[in-house]
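Observations on the model geometry
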Amino acid sequence: MFFRCLIGLSFFLWAFVIVTATPPVWAHAYPAVSVPNNGATLKEAPSEVRIQFTEAIEMAFSAVTVIGPNKEIVSQGKLRKLTDDSLAIGLKPLQAGNYTVEWQVLSVDTHVTEGVLRFTIVPSGK
Amino acid sequence: MNNAMVGLEAAISAIGYIAQALVLGFFVTAGFLLPGSESESFRRTLAIRACRFLIVFLCASVGALVIQGAKLQHGELPSLEILWRYLTATQSGKVWLIRAGYAIALALLGFSITRGTARLHGIRWLALLSLPLIASRSLTSHAIAVKLHTSWVIAADAVHLIATALWAGGLVAVLTTVRAKRNQADLSLVWLAQFINRFSRLAFVSVALFFCAGLYLSWVHVGSLTTLVATDSGNVLIVKLGLFAAMLTLGAINFLSTRPAIRDMAHADVGNNSLVDKATTRIVVESMLGLAIFATTGYLTVLPPGVHALHAARQNFPPAQASALQPAQGAKVEIIAPVNNQAVTGDRVELRFNLTKGNRGHHAHAYIDGELIGMFEGNGGTLNGIKPGRHMLEVRVVADDHQTELDATDKVLFIAK
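What comes next is a walk through the structure. All of these numbers come straight from a predicted model, not from anything done at the bench.

In this section: the packing of helix α1 (residues 3-33) of chain B against helix α11 (residues 273-302) of chain B. Residue and element names in this part refer to chain B. Contact geometry of α1 with α11 gives a least axis separation of 8 Å together with a crossing angle of 130°. By the angle between their directions, the pair α1 and α11 is classed as oblique. In this structure, α1 crosses over α11, and the sense of that crossing is right-handed. Across the interface between the two elements, Val6, Glu9, Ala10, Ala11, Ser13, Ala14, Tyr17, Ile18 and Ala21 of α1 pack against Leu291, Phe294, Ala295, Thr297, Gly298, Tyr299, Thr301 and Val302 of α11.

Here's what the structure looks like:
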């Protein structure tokens, strides 16, 4: 009985520590490199967005959406897996403005991550 | 995901680890550690207990699946469609299905073997057959996501898991056995000496394997002393190492002091209840530390490996402006493919290079016409989305902060057709 109580107590203690001490960063696959680069200012509109992640990813639960200056979706076509850790999505012809790339992936070690990248297109000649 | 859900995921993960360790511990104890004179009925009792832990393992697996589905459905209770898609369309889902099917088969086999009289060789087979169940956890752990030397890392993770299960799971089984024998007033000193001696040898080998594999995995997942101190997963690892040190100390005391004392007592045929009490208490504490190690392991599974912490931290900040290259300090890189002026067809280029890391180098960045296009931790990879025309390819060695590029670069020109 004493042994069972100890097991229960130690488990609840650890569960308490885990629940209360876990910081708000859980996931595992992050963009290592993106083209266009996060925060880049471009003079030419890219035809696609590519992201290389820190881990291999599962296509079934991965998504990349590019949002334009007027909150319209400017990505088009199917999300493509270039390599185990890289994704690409095609883009409509883009005008000057600020763009946001929203990404969500499931890594092969079961963790879900999401985030945003940004790039800006300036009118050519500037 | 909110804190409660992460805590729940870590707790369920820990229960899964503990249950699979107890499955192995009880099967091994019943099949290999009990002295040859032990009755079949007692072996059977332990084997049945192992089968029950298989059911606990299955329950934890179902819990982990529901949590996984909730992660994919933004924290809501997952639909059957999501779960089915996860199980059939992802690598980790397929591994889950295979492991669950294997555990069910093993439990059925176990209950079938332990019906009536349990033959020793049947229980030994069950112990051996439970090894793949434990090792296969590596196929959904951080090990599978490591890009470099993946098969080595998976193998080390599997060894780490099996060694931990043998040691910590075995300890609980030993404790249960000794307590059951004492309660039945059936504890002979010669029997106890033989039993403890067998477990000590197993524990000694397990700890050595656990330590070596753990050291290698820490190096892979944490990478540096700075990451160990500055990241959440590094800090949890420090706690785990502290628990391991405490458990090892107690194990060493048992190995070097308790075991010989019980052996001497058995030789002299002199009973000493206080020594047995002391040994039992030490094993209880050692078992608690083992469970705590599993809890930290469960926690580690939900934290990003330390080596990825910098990528995580960079998410909210655009990269800094490119700064001047820093001294190479022994790092260098040489592009092997493509060779200078090579023509390639299509929009992909296979990149190969020799990388010498020197004192500060960690990985390489590849640039096409001055634009960062890829990061490589090995000696190459594929560059995608190359437009037709003549391009300058440059590879630079980078420090482990992912920002500092070293004065160790190589360039080639190639033509994409």
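The structure having been displayed, the exposition proceeds.
All names here are of chain B. If you look at the biggest cluster of nonpolar residues, it comprises 141 residues, and the most contacted ones within it are Val23, Phe26, Phe27 and Ala50. The greatest single-element share of this core, amounting to 19 residues, is contributed by α1. The contacts of Phe27, once residues within four sequence positions are left out, are Ala47, Ala50, Ile123, Leu126, Ala127 and Ser130.

Here the focus is the sheet that holds strand β3 (residues 349-356) of chain B. Residues and elements named next belong to chain B. Spatially, three strands are ordered β1-β3-β6 in an open sheet, and the strand pairing comes out antiparallel. Two strands bound the open sheet, and with one partner strand each, they are β1 (332-337) and β6 (380-383). Ignoring strand direction, the axes of neighbouring strands in this sheet form an average angle of 30°. Note that β3 and β6 share four bridges and pair antiparallel. Bridge pairing in β6 links Glu350 to Thr382.

Residues and elements named next belong to chain B. Here strand β5 (residues 371-376) lies mainly inside the structure; five of its six residues are buried. Relative to β5, strand β4 (residues 361-368) runs antiparallel, the two being bridged by five bridges. Each bridged residue has a counterpart across the sheet, and for Ile368 the counterpart in β5 is Glu371. Linking β4 back to β5 in an antiparallel pair, the connection comprises two residues, with Asp369 at a positive phi of about 50°.

So, about the packing of helix α5 (residues 120-135) of chain B against helix α7 (residues 150-183) of chain B. All names here are of chain B. Axis separation between α5 and α7 bottoms out at 9 Å; the angle between their running directions is 125°. Comparing their axes, α7 and α5 come out oblique. Like other packed secondary-structure pairs, α5 and α7 cross with a definite hand, here right-handed. The segment α5 lies against α7, with Leu131, Ile134 and Ala135 engaging Ala158, Leu161, Ile162 and Ala165. Partitioned by chemical class, the residues of the contact of α5 with α7 number seven nonpolar, no polar and no charged.

Rules and cut-offs
- Residues numbered from 1 in each chain as written.
- Chains lettered and ligands numbered in written order.
- Predicted model: local features only at pLDDT ≥ 70, side-chain atom pairs only at ≥ 80, totals over all residues.
- Axes fitted to C-alpha atoms, helices over the stretch in contact; angles between N-to-C directions.
- Helix = DSSP H or I, 4+ residues; strand = E, 2+ residues; numbered from the N terminus.
- Parallel < 35°, antiparallel > 145°, perpendicular 65-115°, else oblique.
- Left-handed = near helix turned anticlockwise from the far one by under 90°.
- Contact = placed C-beta atoms within 7 Å.
- Core = buried A, V, L, I, M, F, W, Y, C linked by C-beta atoms within 7 Å.
- Buried ≥ 20, exposed ≤ 12 C-beta atoms within 10 Å, placed from the backbone.
- Pairing = 2+ DSSP bridges.
- Nonpolar A, V, L, I, M, F, W, Y, C, P; charged D, E, K, R; others polar.

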